[in-house]
Amino acid sequence: MFILKEYISNLIYESLNKKIPLDTIQRTTSDSKLINYDYASSIFISNKNLDFQDFKSRMTKNKGIACVEQVNDFVNICLDRVFFLNEFNIGIKKEKKKVMVEFSSPNTNKPLHIGHVRNTLLGNALSNLLSKKYEVVRANLINDRGIHICKSMLAYMKFSKFKSPEEAKTKSDLFVGDCYVLFNNAEKENPKIIEEAEALLLKWEAKDPDTLVLWTKMNDWALKGMKKIYNEFGIDFDVWFFESEIYDKGKDIIFDAYNKGKVELDTELGYTVKFGDKPEDYKVVLRKNGTCIYITQDIYLAKLKIEKYKLDKSIYVVGSEQNDYFDKLIKVLEHIGIPEIADKMEHYSYGMISLPSGKLKSREGNVVDAYTLIDAIRQEALEILKEKQSNKSSEDLKGEAKQIADAAIKYFILKYDAKKDFVFDIKTSLSFDGNSGPYILYSYARICSLLKKMQETKFKPLKSIEKLETKEELNLGRIMLKYPDRLSEAIEKESVHFLVNYITDLANHFNTTYANIKLITKDKEIANRFLFYTKMKSIFNDVFAIMGIKPLERM
RNA sequence: GGCCCCAUAGCCUAGUUGGAUAAGGCGCCAGCCUUCUAAGCUGGAGAUCCAGGGUUCGAGUCCCUGUAGGGUCACCA
């Protein structure tokens, strides 16, 4: 697969007789201004003494270079798009590197909410994206122990009107979440109830049989619901870590570092790493009584991941509210003498989702849980389908509505730059027209339908594309050729939204062409177009696969 | 208060190592279905790119200051 940026930069470099360094040859962006060209370079602005005519004559000798012109101080290059389209195929050169992406990582005391949905879809798409180039291990860390779990358990025993989700006629993870809300309401009345939850945690840690039975039961309820959502979104994990199995590990690492003098035992704070003299440079890593805190486990897990799975990189998809925490975690690892672990860790931070009413607060039940989101959007999709395909029963349309809703959610979540916060308003956020999941799905269905209609004409097939028939399709070809560049940039920058924007742009131009040009005409033209739009379809398929969207052949 | 993130049309966003006329969508206005799928397409109005300074041939993009918003400052996870 040609990455044009590299390919052309190299040609320019060669054609200038290597008078300037390769890395100063830059592509200029502003793609919308390059409709007639494929590539622009500003080298002649910063290197006025270069001989353009000489450059041009060398450059045009290369295969696939159609023209080289000087416009407004830029060197614009147009390619023989047909030549490159025939060379074009999906797939990027693999690199022998192993990357773990940990994402989703839910607590088992409450159901997944919109914030987890962002995490999960983002982590999944990032994994898909990186697996184009690297070997990727998908990991999920289940936060299945701790005081918050005990709160739900206690409330279940004391306040729940129902014995089970079945009895309450509610989804099992929502049921657990309801218990959590019950606890927090009770705590407002009686703050001392927290002591009972703490007592329950001690019983859990002492492996009290009755407590363990209840804990197992409620965790199963929570996990069952979460797995259902993973399943619906088409998300799999290769590795599951359970906090309950590792929460008290990591002490040895701390004690070892303590013996080496890297960790201090502060009589006030406990076992502490001190990067500097000020209190903000301290990080407690173990309680003074020797019991573990969260970071103790994280230190252990960081090491475990990298050593057991022989990783070159360990990515954590975790919200931006934990930026400082991850900075500290990495610093601690460096400081206690395992920088080789720290070096491989990366916090993939993403922004918060808030509701029009304000911040998400799951303890008050002020959340959009994943089911509410999914159900609402499916219902909406079904209504639209019923209107458009009134000849079918609503049972028949349900499957299609599901897929459209799925695409709408995924597009909506993935189109944003991951690091940005956004406000989520279920009524207005998930659009079915314009820049949306349904829009790219619809464009794809049109391409499929077009190809099918073309086949029905029984045209004489060609081995390769011979020409692009219209100005519009020449432009489409230009956009298609950018795909490898976009893909490699997206991998490089770990930015899924590059591709979401790209595919929207491609869909946009395709629809323009479709509306303005009659595409099924003479045999010879159909033969060219069939190959051309088949390639376009493969780009859609590739991006859909990364986004985790299942395409529809018709809608 | 310290540290971190962010600021682009009425609204939501893109703007990929600084480059040509700041791009798309929503909403608004005017059009396009007897012809390959109208969840579509065409045209129009709408932007002192938060403010001020700096670096540069050139700044939405880099640097400084300020302002607004968000995050975070636990022996919570």
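That block above? That's the structure.
Not measured: the values here are computed from a predicted model.

J.: So what exactly am I meant to see when it comes to the sheet that holds strand β8 (residues 270–274) here?
T.: Sheet strands line up and pair through hydrogen bonds in the backbone, either parallel or antiparallel. Pairing within the open sheet is antiparallel, and its 3 strands lie in the order β7-β8-β9. Of all the strands in the sheet, just β7 (264–266) and β9 (282–286) have a single pairing partner and so form its edges. Mean inter-strand twist for the sheet, computed between neighbouring axes without regard to direction, equals 50°. Summarising the sheet, β8 and β9 pair through 4 bridges and their orientation is antiparallel. Each residue of the ladder has a partner; that of K274, found in β9, is Y282. Sheet strands in contact with helix α12 (residues 251–259) are β7, β8 and β9, and its direction is about 125° off that of β9.

J.: Please explain the nonpolar core as it appears in this structure.
T.: Within soluble globular proteins, side chains that are nonpolar generally end up buried alongside one another. Counting 145 residues, the largest nonpolar core has I12, I77, I409, F424, L506, Y533 and M536 as its most contacted members. The leading source of residues in this core is helix α23 (residues 523–547), at 12 residues. Filtering out sequence-adjacent residues up to four positions away, M536 remains in contact with I447, L476, M480, L506 and F510. Judged by nonpolar contacts, the second largest core, of 36 residues, contains I254, V263, Y325 and I338.

J.: Honestly, the sheet that holds strand β2 (residues 65–71) in this entry has me stumped. Any pointers?
T.: Spatially, β1-β3-β2 is the arrangement adopted by the 3 strands of the open sheet, whose pairing is antiparallel. If you trace the sheet from one side to the other, it starts and ends with β1 (39–41) and β2, each paired once. Shown here is a sheet whose adjacent strand axes are inclined to one another by a mean of 20°, direction ignored. Relative to strand β3 (residues 74–79), β1 runs antiparallel, the two being bridged by 3 bridges.

J.: What exactly am I supposed to notice about the side chain of T272 here?
T.: Looking at the secondary structure, you find T272 in strand β8. In this view, T272 contacts V263, E264, D266, Y282, K283, V284 and V285; residues no more than four positions away in its chain are not counted.

J.: So what exactly am I meant to see when it comes to the state of the cysteines here?
T.: Disulfides are covalent bonds that link the sulfur atoms of two cysteine residues. Tallied over the full model, the rule gives 1 disulfide. Through a disulfide, C67 is tied to C78; the S-S separation comes to 1.9 Å. The S-S bond linking C67 to C78 shows a torsion near 100°; that makes this disulfide right-handed. Here C67 is found in strand β2, whereas its partner C78 is found in strand β3, with 11 residues between them in sequence. Grouping residues by exposure puts C67 and C78 together as buried. Among the cysteines around C179, which has no disulfide bond, C150 carries the closest sulfur, lying 13 Å off. Residue C179 is classed as buried on the basis of its relative accessible area, which comes to 1%.

J.: What is the right way to look at the packing of aromatic side chains in this model?
T.: Aromatic ring pairs are defined here through the distance separating the ring centres and the angle between the ring planes. Tallying each qualifying case throughout the model produces 32 aromatic pairs. The interplanar angle of 80° and the centroid separation of 5.0 Å between the aromatic rings of F532 and Y533 together place this pair among those described as edge-to-face. Classification of F532 by relative accessible area gives buried; the value is 1%. Overall, the relative accessible area of 0% leaves Y533 in the buried class.

J.: For this particular structure, what's the right way to read the pairing of β2?
T.: Both faces of the sheet carry side chains from a regular strand, because those side chains alternate between them. In this structure, β2 lies alongside β3, joined through 6 bridges in antiparallel fashion. Within the sheet, the bridge partner assigned to V71 lies in β3 and is F74. Where β2 folds back on β3, the antiparallel hairpin that results is connected by 2 residues, among which N72 adopts a positive phi of roughly 45°.

J.: Would you explain the pairing of strand β11 (residues 345–350) in this entry?
T.: Buried residues dominate β11, accounting for 5 of its 6 residues. With 6 bridges connecting them, strand β10 (residues 313–319) and β11 associate as parallel partners. Bridge pairing in β11 places G319 opposite Y350.

J.: Please clarify how the pattern of salt bridges should be interpreted in this entry.
T.: Any two side chains of opposite charge can pair if their charged atoms end up close together. Inspection of every chain in the model, using the stated rule, returns 27 salt bridges. Note that K228 is salt-bridged to E232, the shortest N-O span being 3.3 Å. Highlighted residues: K228 and E232, both in helix α10 (residues 209–233), separated by 4 residues, approximately one helical turn. A relative accessible area of 41% places K228 in the partly exposed class. Of the charged contacts in the structure, one is a salt bridge between K467 and E469, with a shortest N-O distance of 3.8 Å. Among the charged side chains, a salt-bridge network with shared partners connects E473, K522, E525 and R529.

J.: Before we go on, may I ask you to explain helix α9 (residues 193–205) in this structure?
T.: Given 3.6 residues to a turn, an α-helix orients residues that are three or four positions apart in the same direction. Taking 1.5 Å per residue as the helical rise, α9 with its 13 residues ought to reach 18 Å, and the 19 Å between its terminal C-alpha atoms agrees with that figure. Residues I193, A197, L200, L201 and W204 constitute the buried set of α9. The arc that holds the buried residues of α9, viewed along the axis, is 105°, so those residues lie on one side. Just past α9, the residue K207 takes up positive phi, approximately 60°.

J.: Sorry, what's going on with the packing of helix α6 (residues 147–158) against helix α8 (residues 172–189) here?
T.: Each pair of packed helices can be described by the angle between their axes along with the distance between the axes. Where α6 contacts α8, the axes come no closer than 7 Å and their chain directions differ by 90°. When the axis of α6 is compared with that of α8, the two are roughly perpendicular. Residues H148, K151, S152, L154, A155 and Y156 of α6 form the contact with α8, whose participating residues are F175, V176, C179, Y180, L182 and F183. For the contact of α6 with α8, the residue count by class is 9 nonpolar, 2 polar and 1 charged.

J.: Which parts of the structure should I look at to understand the side chain of S488?
T.: Mapped onto the fold, S488 is located in helix α21 (residues 483–493). By relative accessible area, which is 17% here, S488 ends up buried. Of note is the side chain of S488, whose polar atom sits 3.2 Å from the backbone oxygen of D485. Not counting residues up to four positions away in its chain, the partners in contact with S488 are I3 and I92.

What counts, and where the lines are drawn
- Residues numbered from 1 in each chain as written.
- Chains lettered and ligands numbered in written order.
- Predicted model: local features only at pLDDT ≥ 70, side-chain atom pairs only at ≥ 80, totals over all residues.
- Heavy atoms only, no water.
- Pairing = 2+ DSSP bridges.
- Helix = DSSP H or I, 4+ residues; strand = E, 2+ residues; numbered from the N terminus.
- Axes fitted to C-alpha atoms, helices over the stretch in contact; angles between N-to-C directions.
- Contact = heavy atoms within 4.5 Å.
- Core = buried A, V, L, I, M, F, W, Y, C linked by side-chain atoms within 4.5 Å.
- Buried < 20%, exposed > 50% of the residue type's maximum accessible area, 1.4 Å probe, protein only.
- Disulfide = S-S within 2.5 Å.
- Phe/Tyr/Trp six-rings, centres within 6.5 Å; stacked < 30°, edge-to-face > 60°.
- Salt bridge = Lys/Arg side-chain N within 4 Å of Asp/Glu carboxyl O.
- Expected span 1.5 Å × (residues − 1).
- Arc of directions from axis to C-beta.
- Parallel < 35°, antiparallel > 145°, perpendicular 65-115°, else oblique.
- Nonpolar A, V, L, I, M, F, W, Y, C, P; charged D, E, K, R; others polar.
- Polar contact = N/O pair within 3.5 Å; in protein donor to acceptor, adjacent residues only side chain to side chain.

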